[in-house]
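# Tertiary structure, described
Residues per chain are reported as follows:
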Amino acid sequence: MSALPSISPEGRKTYDVVVVGAGFAGMYMLYRLRGAGFSVRVYEQGGGVGGTWYWNRYPGARCDVESMQYSYSFSEELQREWDWSERYAPQPEILKYANHVADRFNLRRDIQFNTRVDRAVFDETANTWTVTTSDGNTMIASFVVLATGCLSNARRPDIKGLESFKGPVYHTGNWPHEVVDFTGLRVGVIGTGSSGIQSVPVIAGQARHLTVFQRTANFSIPARNAPLTDQERQAFRQNYPQIRRFAREVARNGIYTDLPDRGALDDGDERRRAKYEQRWQKGGLTFMYAYNDLALSKAANDTAADFVRGKIAEIVKDPETARLLQPNSHPIGTKRICVDTDYFATFNRDNVALVDIKANPIEEILPNGLRTTAKTYELDALVLATGFDAMTGSVAKIDIRGRNGLTLNRKWAEGPKTYLGLMSTGFPNLFIITGPGSPSVLSNMIVSIEQHVDWIADCLAFMHAKGLSLMEAEKDAEDKWVAHVNEVAHATLYPQANSWYMGANIPGKPRIFMPYIGGVGTYRQICNEIAAKGYEGFAMAANERERAVAVIS
Ligand code: NAP
């Protein structure tokens, strides 16, 4: 182990670890590995750090987890010196924070920007990965860490005629770096997930006219965003030890909040309504924490869903528009719940119209508009808020070949299979941060990122101390974990929604519930226990020959 790369006999740079991606996961991975004395190279396809926050620059983009919690906890100094300006920081501020972290910890010197990792091939004789990047270079790594993010592969929908549109077409997940001004334009937004719901009110404020094309109505809770005062920041900082501990060990989703002590039907109508009202007024994702059975019981869930549908009817003046905006296709919370600023009220504006493309699907995009089965709409600009090939999409873009030339895409053809979301059998020395099979997108991502990075860094230090160079998930352990992830998911209402958690937004993608829903606290405990038992379920060896002997005997 050395902090500097060596050169292989073929003249290739050889690193202890290659990290793919310089978002929040890749940056912290680099920090930890460098601190442990490993040689590390990070490749990032974007021109800067920040991952999803580098690409998602659409109007209104902000985090749906409070910034005092959606921030690194590994450095006390960082935690004290960075002042978030609002309860939910806007995207430019989160990106500024990511850049600040990169500068403060001098991370850039080990990151190569504007460079994609195209290929990673495992060499079973040398126990190393041969990694090829988009600039044509090839290097060797003992370990590869995929810090590629869960929502980083923006998906353009296959809509007939899209290429023929004469005006600008933007995707929320891959927004231009220049300012986009919709002033005076007739704009169409397709998609009403979190990105659509955040961008619609802002675009409506600029555009001459905005048409929102909705296929599925979504539940959304007001953010109640506001500037953070010094006092509020101080209160957080004083309580950070408890807040961070709670987020890591107690909360199911890695967010500090007051936890419910009962089910929705344990309260009478009036009390229940008051509780929902209080959560609605407080705002944000923790609305779903009003009761402890909202994700488990349809009858309980219906009470929360009815409450939100009632709010939509109160806010939206036109009854037909209100009816269309009321979600009815899935239990509340089983698709990622949205957090908005004035989304529903935006439909009271004279320059905004809602079009139901479930009833009247889009037939074709035309050079100057869009035609549904019912009508033609003239448009000057199009915004695709159509989401991502989530969780597996970014990994799938890399040609990853493990033992016997098996590609990860082939292995995952019927759905991703991992042990703990961290490793996949047949792909030794390849780690995934917040991979499918871990809490990932069902949690405050930074809490989950820090947990995975710490686990991987500790694991590599353990291996180094023991003279081990090979690690692989055992098939039996992986099979059991995959079964457990499914079992836990199917005990909830989540699989009832056609969500991107299930891969349902991508035609042809296998329908498998991808994240682990058992909660971040439980999951952390499982990971820690496995590590304490000498990484149970992972085969470790000093070299390939030792592994072969172990397998034969
Ligand atoms: P999304 O939740 O997948 O929403 C995509 C929207 O586009 C849906 O309304 C979908 O309709 C529609 N759509 C997709 N393909 C379509 C087509 N061919 N024709 C018509 N409509 C189509 O994507 P997203 O809004 O980008 O959000 C993805 C995730 O990113 C969120 O769930 C969240 O986890 C994260 N995110 C977070 C924030 C935040 O922190 N505040 C902000 C943005 C995103 P259907 O529902 O009918 O498929």
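Residues numbered from 1 in each chain as written. Predicted model: local features only at pLDDT ≥ 70, side-chain atom pairs only at ≥ 80, totals over all residues. Heavy atoms only, no water.

## Some thoughts on helix α6 (residues 230-238)
Buried within α6 we find Arg 233, Phe 236 and Arg 237. All buried residues of α6 project into a common sector of 95° when viewed along the axis, lining one side. In α6, those exposed residues whose orientation departs by more than 90 degrees from the buried face are Gln 231 and Gln 238. Buried positions along α6 lie against α3 (76-81) and α7 (240-249). (Buried < 20%, exposed > 50% of the residue type's maximum accessible area, 1.4 Å probe, protein only. Helix = DSSP H or I, 4+ residues; strand = E, 2+ residues; numbered from the N terminus. Arc of directions from axis to C-beta. Contact = heavy atoms within 4.5 Å.)

## Describing the side chain of Thr 172
In this fold, Thr 172 is placed in the loop between β8 (169-171) and β9 (186-190). Here Thr 172 is in contact with Trp 55, Asn 56, Arg 57, Tyr 58, Ser 195, Ser 199, Val 383, Leu 384 and Ala 385, once residues within four sequence places are set aside.

## Things to note about the domain arrangement of the chain
Structurally, the chain comprises domain 1 (6-153 + 390-552), domain 2 (154-218 + 342-387) and domain 3 (257-334). On a C-alpha basis, the centroid separation for the pair domain 1 and domain 2 is 33 Å. If you look at the interface, domain 1 gives 14 residues, while domain 2 gives 15 residues. In terms of surface lost to domain 2, no three residues of domain 1 exceed Arg 57, Tyr 58 and Pro 59, which account for 44% of the buried area on that side. Linking domain 1 with domain 2 are 0 salt bridges. For the side of domain 1 that touches domain 2, the residue count by class is 7 nonpolar, 5 polar and 2 charged. (Domains from an automatic or database assignment. Buried area = accessible area lost by both parts, 1.4 Å probe. Salt bridge = Lys/Arg side-chain N within 4 Å of Asp/Glu carboxyl O. Nonpolar A, V, L, I, M, F, W, Y, C, P; charged D, E, K, R; others polar.)

## Some words on empty space enclosed by the protein
Per the stated rule, a full pass over the model turns up 3 cavities of 30 Å³ or more. The computed volume of the largest cavity comes to approximately 60 Å³. Lining of the largest cavity is provided by Met 68, Ser 71, Tyr 72, Leu 78, Gln 79, Trp 82, Trp 84, Tyr 97, Tyr 240 and Arg 244. At the level of elements, α3 and α7 are the ones that each hand at least two residues to the lining of the largest cavity. Partitioned by chemical class, the residues of the lining of the largest cavity number 7 nonpolar, 2 polar and 1 charged. Considering only enclosed or pocket space, the second largest cavity measures out at about 40 Å³ in volume. (1 Å grid on protein atoms, 1.4 Å probe; cavity = no way out; pocket = protein on both sides within 12 Å on 5 of 7 lines; lining within 4 Å. Points joined across faces, edges and corners; volume = space filled by probe spheres on them.)

## Focus: the packing of helix α1 (residues 24-35) against helix α14 (residues 445-466)
Interhelical geometry of α1 versus α14 gives an angle of 30° and a closest axis separation of 9 Å. Judged by the angle between their axes, α1 and α14 are roughly parallel. For the element pair α1 and α14, the recorded crossing hand is right-handed. Contact with α1, carried on its side by Phe 24, Ala 25, Tyr 28, Met 29, Arg 32 and Leu 33, involves Ile 446, Ile 449, Glu 450, Val 453, Asp 454, Ile 456, Ala 457, Asp 458 and Leu 460 of α14 and no other residues of that element. Here the residues of the contact of α1 with α14 sort into 11 nonpolar, no polar and 4 charged. (Axes fitted to C-alpha atoms, helices over the stretch in contact; angles between N-to-C directions. Parallel < 35°, antiparallel > 145°, perpendicular 65-115°, else oblique. Left-handed = near helix turned anticlockwise from the far one by under 90°.)

## Considering the packing of aromatic side chains
By the definition in use, this model includes 42 aromatic pairs. Ring centres of Phe 24 and Tyr 97 lie 6.1 Å apart, and the angle between their planes is 25°; this geometry places the pair in the stacked category. A residue pair is termed long-range when its members are at least 10 positions apart, and Phe 24 in helix α1 and Tyr 97 in helix α4 (residues 91-104) qualify at 73 residues. Residue Tyr 97 is classed as buried on the basis of its relative accessible area of 2%. Ring centres 5.7 Å apart and planes at 90° place the aromatic pair Tyr 170 and Phe 182 in the edge-to-face group. Separated by 12 residues along the polypeptide, Tyr 170 in strand β8 and Phe 182 in the loop between β8 and β9 bring together distant segments of the chain. As far as the burial class goes, Tyr 170 and Phe 182 line up, both buried. (Phe/Tyr/Trp six-rings, centres within 6.5 Å; stacked < 30°, edge-to-face > 60°.)

## Considering the site of the ligand
As a structural note, the neighbourhood of the ligand is formed by 23 residues, with Arg 62, Ser 195, Gln 198, Thr 216 and Lys 335 the closest of them. With respect to the ligand, the side chain of Ser 195 contributes an N or O atom lying 2.6 Å from an oxygen atom. For the ligand, whose accessible area on its own is 900 Å², the fraction buried by protein is 87%. No other element matches the 3 residues that helix α5 (residues 194-206) contributes to the shell around the ligand. Per-class residue counts for the shell around the ligand are 9 nonpolar, 9 polar and 5 charged. Here the shell around the ligand spans two domains, and each of domain 1 (6-153 + 390-552) and domain 2 (154-218 + 342-387) adds at least three residues to it. (Near = heavy atom within 4 Å. Polar contact = N/O pair within 3.5 Å; in protein donor to acceptor, adjacent residues only side chain to side chain. Areas by Shrake-Rupley, 256 points an atom, 1.4 Å probe, with all protein chains shown as cover.)

## Considerations on the layout of surface pockets
Volume-wise, the second largest pocket comes out at about 650 Å³. What lines the second largest pocket is a set of 31 residues, and nearest its centre among them are Asn 253, Met 288, Tyr 289, Ala 295 and Tyr 494.

## Side note on the sheet that holds β9
Reading across the sheet, the 5 strands line up as β8-β17-β9-β10-β13 and stay open at both edges, with parallel pairing between neighbours. Across the chains shown, the open sheet's two edge strands, defined by having one partner strand only, are β8 and β13 (352-356). Going from strand to strand, the sheet's axes swing by 20° on average, the running direction of each strand aside. In terms of strand pairing, strand β10 (residues 209-214) meets β13 through 5 bridges, oriented parallel. Paired with Val 212 across the strands is Leu 354, a residue of β13. Contacting β9, β10, β13 and β17 (381-384), α5 runs over the sheet at an angle of about 155° to β10. (Pairing = 2+ DSSP bridges.)

## What about the sheet that holds strand β15 (residues 369-372)?
Two pairing modes exist for strands in a sheet, parallel and antiparallel, and in both the strands are linked by backbone hydrogen bonds. Pairing is antiparallel in the open sheet, where 3 strands are placed in the order β14-β15-β16. Of all the strands in the sheet, the pair left with one neighbour each is β14 (362-366) and β16 (376-378). Taking each pair of neighbouring strands and ignoring which way they run, the sheet shows an average axis angle of 15°. As defined by bridge partners, β14 adjoins β15 across 4 bridges and the pair is classed as antiparallel. Counted as the bridge partner of Glu 364 is Arg 371 from β15.

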